[in-house]
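Here is what each chain is made of, one letter per residue.
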Amino acid sequence: MWHYTVDGNYSVKSGYFAASQLAQFDPSPSKSWLSVWWKEFWKTSLPEKVLIFAWRGFHDALPTYVGLQKRKVVDHTNCPICGFSVDSNSHVVFLCRGFKKVWKELRITLLNNLSMDISFKQIVLKASKILSRSDYELFLVATWYIWGERNQIVHGRKANPSDVMGSTCLSPERWVKLPLGAYKLNVDASLDVNSNTIGIGTIVRDTTGNVLGCLCKSLFGTFPVILAEVVALMVALDWSFTLGLPLHVVESDCLALVLALPKRFSLCDELSSLLDDIASLLSIFLEASLIHVRRTPNKAAHESAVHALTVNVLNSQHNCSPLSRPEKRGSILVSGEFGAKMRRFPVTLLLVAVVALVALGISTKGAEASNSASAFVQNIIYSNKIAMFSKSYCPYCRRAKRILGELHQQPFVVELDLRDDGTQIQDVLLDLVGRHTVPQIFVNGQHIGGSDDLKNAVLNGQLQKLLSTS
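Cut-offs used in this document
Residues numbered from 1 in each chain as written. Predicted model: local features only at pLDDT ≥ 70, side-chain atom pairs only at ≥ 80, totals over all residues. Heavy atoms only, no water. Pairing = 2+ DSSP bridges. Helix = DSSP H or I, 4+ residues; strand = E, 2+ residues; numbered from the N terminus. Axes fitted to C-alpha atoms, helices over the stretch in contact; angles between N-to-C directions. Contact = heavy atoms within 4.5 Å. Expected span 1.5 Å × (residues − 1). Buried < 20%, exposed > 50% of the residue type's maximum accessible area, 1.4 Å probe, protein only. Arc of directions from axis to C-beta. Parallel < 35°, antiparallel > 145°, perpendicular 65-115°, else oblique. Nonpolar A, V, L, I, M, F, W, Y, C, P; charged D, E, K, R; others polar. Phe/Tyr/Trp six-rings, centres within 6.5 Å; stacked < 30°, edge-to-face > 60°. Lys NZ or Arg CZ within 6 Å of the ring centre and 35° of its normal. Salt bridge = Lys/Arg side-chain N within 4 Å of Asp/Glu carboxyl O. pLDDT = per-residue confidence, 0-100. 1 Å grid on protein atoms, 1.4 Å probe; cavity = no way out; pocket = protein on both sides within 12 Å on 5 of 7 lines; lining within 4 Å. Points joined across faces, edges and corners; volume = space filled by probe spheres on them. Left-handed = near helix turned anticlockwise from the far one by under 90°.

1. Overview of the sheet that holds strand E9 (residues 412-415)
The strands that make up a sheet are held in pairs by hydrogen bonds between backbone atoms, and each pair lies either parallel or antiparallel. Read across the open sheet, the 4 strands follow the order E9-E8-E10-E11; overall the sheet is mixed. Each edge of the open sheet carries a strand with a single partner, namely E9 and strand E11 (446-449). Across the sheet, the axes of successive neighbouring strands diverge by a mean angle of 20 degrees, strand direction being ignored. Bridging between strand E10 (residues 440-443) and E11 involves 3 bridges; their strand directions are antiparallel. Paired with Phe442 across the strands is His447, a residue of E11. In the packing of helix H15 (residues 373-383) onto the sheet, contacts are made with strand E8 (386-390), E9 and E10, and the angle to E8 comes to roughly 140 degrees.

Here is the structure:
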């Protein structure tokens, strides 16, 4: 029986009249408060996709199994993670035991001892009252991230471990003020599989966040992704050490690298030894720590790495002085397409850079002045018991050095990437032995080959025979 018409039948007109009367005589303060709350919510400085996800969860609009069953898409409401509880909006993000460790990792305690019938809306409102603004933003990001990991499992893919999820959510998106006089280093690597080249990008910022300089460098070689990131970090740390920068924070968007560093002792030999080198370089900077950030705050380093792939000169030396145009690799870019973002180094740093370059060039100037690259190579090969043509960042070169070190043999090493004529020497080696790769190892004038060839020579006794000959 409809009480707003004479005949007791409902009509649209009578329904509109009834609704307007209720609005006049029953104004709801909760709606007024909620309107203000939503205005503040949309002002939150988070990505729009995170806010829209929270809005959908607030209004029970997420495609959980409960919602899909109502639409007759599925015939059950069991949670795809734990398999027992009802897959509601609140359960999938906050109550499912499969994600409890993530919330524990984030140290958000308001989710402890929640009743099973609490709604997504109630939890979000409660969090906005209890948590600080920064913790509330972390809370919203975590809900969005957990939902994405839940969907990975639903679609048959593997979700990240709980500690990885927690560290990803905790990754800082904003500039954190550094101690006075400290610097922050951002580093990234970019791969070009067509040219077998990796680009390395490094950005240095000061205490206030101003960009002081950028290193762009390309290296020739085929590297797995994590190895490329490892090499990029090694080059960046070595560059910073050469300039004498007091690093406080080192940021990379390679989560696998950041997580592997403390676990390096349980990894394979080659990766473990490279990570040991990184740990040693980090220890030089007394307070430096390596942390993971997402691509957005690491964007400038990523763009520098991509830019390094666009220049034609390969394997150039680290040049630390500013250039008018970004024409060379291994350069501080202060103009051109990066010019608007970067400032010149302080005079003191430029002096350090000049001294470093002079010191780097002294050891090679005499030989380069008196001999051609070909004569230099021949002289090195036949004047030393063991000669190795290497590159300082190359993992295979480091492996070869380690093998010889275990045999208590000290090779004479020519680091091609640290020489102005490194490319010419590499071309001479190509003509001499038919290979353009490093390392190239010679024992008593006889060519052994690369690191794999050296290992085989040790196993079959060939190396010992060559070493015993005078």
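2. Let's talk about unusual backbone geometry
Peptide bonds are mostly trans, and most non-glycine residues show a negative phi. In this structure, the amide linkage connecting Val438 to the following residue, Pro439, adopts the cis form with an omega of 5 degrees. Residue placement: Pro439 occurs in the loop between helix H17 (422-433) and E10. At Asp60, a position not held by glycine, the phi torsion is positive, near 50 degrees. Note that Asp60 resides in the loop between helix H3 (48-58) and helix H4 (65-70).

3. Description of H17
Note on helix geometry: an α-helix contains 3.6 residues per turn, so any two residues three or four positions apart are oriented the same way. Along its 12 residues, H17 runs 16 Å from first to last C-alpha, staying within 8% of the 16 Å computed at 1.5 Å per residue. Those residues of H17 not exposed but buried are Gly422, Ile425, Gln426, Val428 and Leu429. When H17 is viewed along its axis, its buried side chains cluster within an angular range of 155 degrees and face the same direction. If you follow the buried residues of H17, they end up packed against H15, E8 and E10. With its phi angle positive at about 80 degrees, Gly434 sits one or two positions after the end of H17.

4. Let's talk about the packing of H3 against helix H7 (residues 120-130)
Packed helices, taken two at a time, are described by the angle their axes make and the gap between the axes. Taken N-terminus to C-terminus, the directions of H3 and H7 make an angle of 125 degrees; their axes are 8 Å apart at the nearest point. Viewed along their axes, H3 and H7 adopt a mutual orientation that is oblique. Residues Phe53, Ala54, Gly57 and Phe58 of H3 pack against Phe120, Lys121, Val124 and Leu125 of H7. Its residues assigned to classes, the contact of H3 with H7 shows 6 nonpolar, 1 polar and 1 charged.

5. Considerations on the side chain of Glu229
Following the sequence through the fold, Glu229 ends up in helix H10 (residues 225-243). Glu229 has contacts with Asp188, Ala189, Ser252, Asp253, Cys254 and Leu257, leaving out every residue within four places of it along the chain.

6. Some remarks on H15
The complete set of buried residues in H15 reads Ala373, Phe376, Val377, Ile380 and Ile381. Mapping the buried residues of H15 onto a view down its axis gives an arc of 130 degrees, with all of them on the same face. For H15, exposure combined with an orientation more than 90 degrees from the buried face picks out Tyr382 and Ser383.

7. Considering the packing of aromatic side chains
Within this structure, the stated rule accounts for 13 aromatic pairs. Here Phe41 and Trp42 contribute two aromatic rings whose centre-to-centre distance is 5.2 Å and whose plane-to-plane angle is 80 degrees, an arrangement assigned as edge-to-face. Classification of Trp42 as partly exposed rests on a relative accessible area of 41%. When the centroid spacing of 5.5 Å and the interplanar angle of 5 degrees are considered together, the rings of Phe94 and Phe139 count as stacked. Taken as a pair, Phe94 in helix H5 (residues 89-95) and Phe139 in helix H8 (residues 133-154) lie far apart in primary sequence, 45 residues in all. Note on accessibility: Phe94 and Phe139 belong to one class, buried. Over the aromatic face of Tyr65 sits the side chain of Arg150, whose NZ or CZ is 5.5 Å from the ring centroid.

8. Overview of the side chain of Asp87
Its place among the elements puts Asp87 in the loop between H4 and H5. In contact with Asp87, not counting residues within four places along its chain, are Thr64, Tyr65, Val66, Thr77, Asn78, Cys79, Pro80, Val92 and Arg150.

9. Re the environment of Trp55
Tracing the chain through its elements places Trp55 in helix H3. For Trp55 and Trp38, which are 17 residues apart along the polypeptide, the C-alpha to C-alpha distance reads 9.4 Å. When neighbours within four sequence positions are excluded, Trp55 is seen to be in contact with Trp38 and Trp42.

10. Comments concerning the pattern of salt bridges
Taken as a whole and judged by the stated rule, the model has 9 salt bridges. Between Glu415 and Lys401 there is a salt bridge; the shortest N-O distance is 2.6 Å. Note that Glu415 is positioned in strand E9 and Lys401 in helix H16 (residues 395-406), a separation of 14 residues in sequence. Accessibility expressed as a relative area gives 17% for Glu415, which makes it buried.

11. Re the confidence of the model for the protein
Residues at a pLDDT of 70 or more form 77% of the protein, whose mean pLDDT is 75. Segment residues 23-29: pLDDT under 50, and 0 contacts once partners within four positions in sequence are set aside and those in other chains are kept.

12. Examining the layout of surface pockets
Considering only enclosed or pocket space, the second largest pocket measures out at about 360 Å³ in volume. Looking at the second largest pocket, it is lined by 21 residues, and the ones nearest its centre are Cys394, Tyr396, Thr437, Val438 and Pro439. Every element with two or more residues in the lining of the second largest pocket is listed here: H16 and helix H18 (451-459). Within the lining of the second largest pocket, the residues separate by chemical class into 8 nonpolar, 8 polar and 5 charged.

13. Considering the packing of H15 against H17
Running from N to C, H15 and H17 cross one another at 70 degrees; their axes reach a closest spacing of 9 Å. By the angle between their axes, H15 is roughly perpendicular relative to H17. Crossing angle aside, the handedness with which H15 passes H17 is right-handed. When H15 is examined against H17, the residues Ala373, Ser374, Phe376, Val377, Gln378 and Ile381 are found in contact with a partner set consisting of Gln424, Ile425, Val428, Leu429 and Leu432. Residue composition of the contact of H15 with H17, grouped by class: 8 nonpolar, 3 polar and no charged.

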